[in-house]
Amino acid sequence: MSGIIKLGNIVAKEIRVKSALSRSGLPEYDYALNPYLGCQHGCIYCYAMDFTRGEPGVKWGKVVYVKVNLIQALLRDIRRLRPGIVGVSTITDPYQPVESRYKLTRRSIEILCNAGYHVSIQTKSALIIRDIDVISKCGRSVDVGFTITTMRDTYRVIEPMAAHPMARASALRKIADLGIETWIFLGPVIPGINDRVEDYEPVIRLAKETNSQVIIDRFRPRPIIIRFMSRKLNPVHPVTREWWIKTLNSIMRLCRDYGVKCITAEDEWKMRTKI
């Protein structure tokens, strides 16, 4: 540890790493780049809790590790690795508030695009607008996705520190207006929380407006997540096959009505695996 800083509602601890890029376990990416460990957004459903070791995982939403030498490590990595698709980020939000101070995501995107990598960004934050200058220079070597679980204010129940969905929608519109490829991650859809038509119909309308693809995913219970959610939600409704078929059919019907390209996360993984 090279430094401990109190930033708003979290403690940021600076660490050093040997590499910046890791092989991705997701079929759509060749590499993953995570400038931070842990996430200030503190989303109660996040699978990253199961994959984040130490304090950032145990004290989810309260402690974030900052990889202060990430840029130096990335410059070494791109000299030895073959260019490919980089997921930014896969177990943390690259534009969580701590990024305002450290700018690790901004500098990483610039380096990767200049080195011939394709950068795929996923966030819940409007802070990404700060980097429109860098992102626009990447041209076709970048795509941007926003996670939007609902457009209603009930998002605070499951995403306590994330940007308001309306702020995400505004950021998406600005990026789409530049001709950059955009997409929306509608997930996880959680029984009894964001599985009503009024949750996802506005998201589908936004996708139509911005010419964005929609990737749909259901809530995937994991032991750590269920324990964490049980402290925040009462009750935690079970994920059943019947519930998901009914909910997914309703979402897909709206996608067809609006002429929006929608795909489930499972189908996307299958497609990518075959490529």
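On a predicted model such as this, the values are computed, not experimentally measured, just so you know. (Residues numbered from 1 in each chain as written. Predicted model: local features only at pLDDT ≥ 70, side-chain atom pairs only at ≥ 80, totals over all residues. Heavy atoms only, no water.)

Here eight strands make up an open sheet; going across it, the order is 3-4-7-8-9-10-11-12 and the pairing mixed. Across the chains shown, the open sheet's two edge strands, defined by having one partner strand only, are strand 3 (21–23) and strand 12 (262–264). Put simply, the sheet's adjacent strands are angled 25° from each other on average, direction ignored. Packing of helix 4 (residues 104–114) onto the sheet brings it into contact with strand 3, strand 4 (31–33), strand 7 (85–88) and strand 8 (118–123), and relative to strand 8 it is tilted by some 155°. (Pairing = 2+ DSSP bridges. Helix = DSSP H or I, 4+ residues; strand = E, 2+ residues; numbered from the N terminus. Axes fitted to C-alpha atoms, helices over the stretch in contact; angles between N-to-C directions. Contact = heavy atoms within 4.5 Å.)

Structurally, the position occupied by L21 is in strand 3. Looking at L21, the relative accessible area reads 6%, which means it is buried. The spacing of L21 and A207 is 186 residues in sequence and 31 Å in space, taken between C-alpha atoms. Once you skip the residues sitting within four places of it in the chain, L21 turns out to touch Y31, A32, L33, L74, D77, L81, V86, L112 and Y117. (Buried < 20%, exposed > 50% of the residue type's maximum accessible area, 1.4 Å probe, protein only.)

With that settled, the discussion passes to the packing of helix 8 (residues 197–210) against helix 10 (residues 241–258). Here helix 8 crosses helix 10 at 30°, and the two axes come no closer than 10 Å. The pairing of helix 8 with helix 10 is recorded here as roughly parallel in orientation. When the axes of helix 8 and helix 10 are compared, the crossing they make is right-handed. Taking contact as the criterion, the partners of V197, Y200, E201, I204, R205 and K208 in helix 8 are, on helix 10, T247, S250, I251, L254, C255 and Y258. Along the lines of polarity and charge, the residues of the contact of helix 8 with helix 10 split into seven nonpolar, two polar and three charged. (Parallel < 35°, antiparallel > 145°, perpendicular 65-115°, else oblique. Left-handed = near helix turned anticlockwise from the far one by under 90°. Nonpolar A, V, L, I, M, F, W, Y, C, P; charged D, E, K, R; others polar.)

Attention now moves to the side chain of E201. Residue position: E201 is located in helix 8. Look at E201 and you get buried, because its relative accessible area is 17%. Not counting residues up to four positions away in its chain, the partners in contact with E201 are L254 and Y258.

Read these as geometric descriptors, not functional statements.
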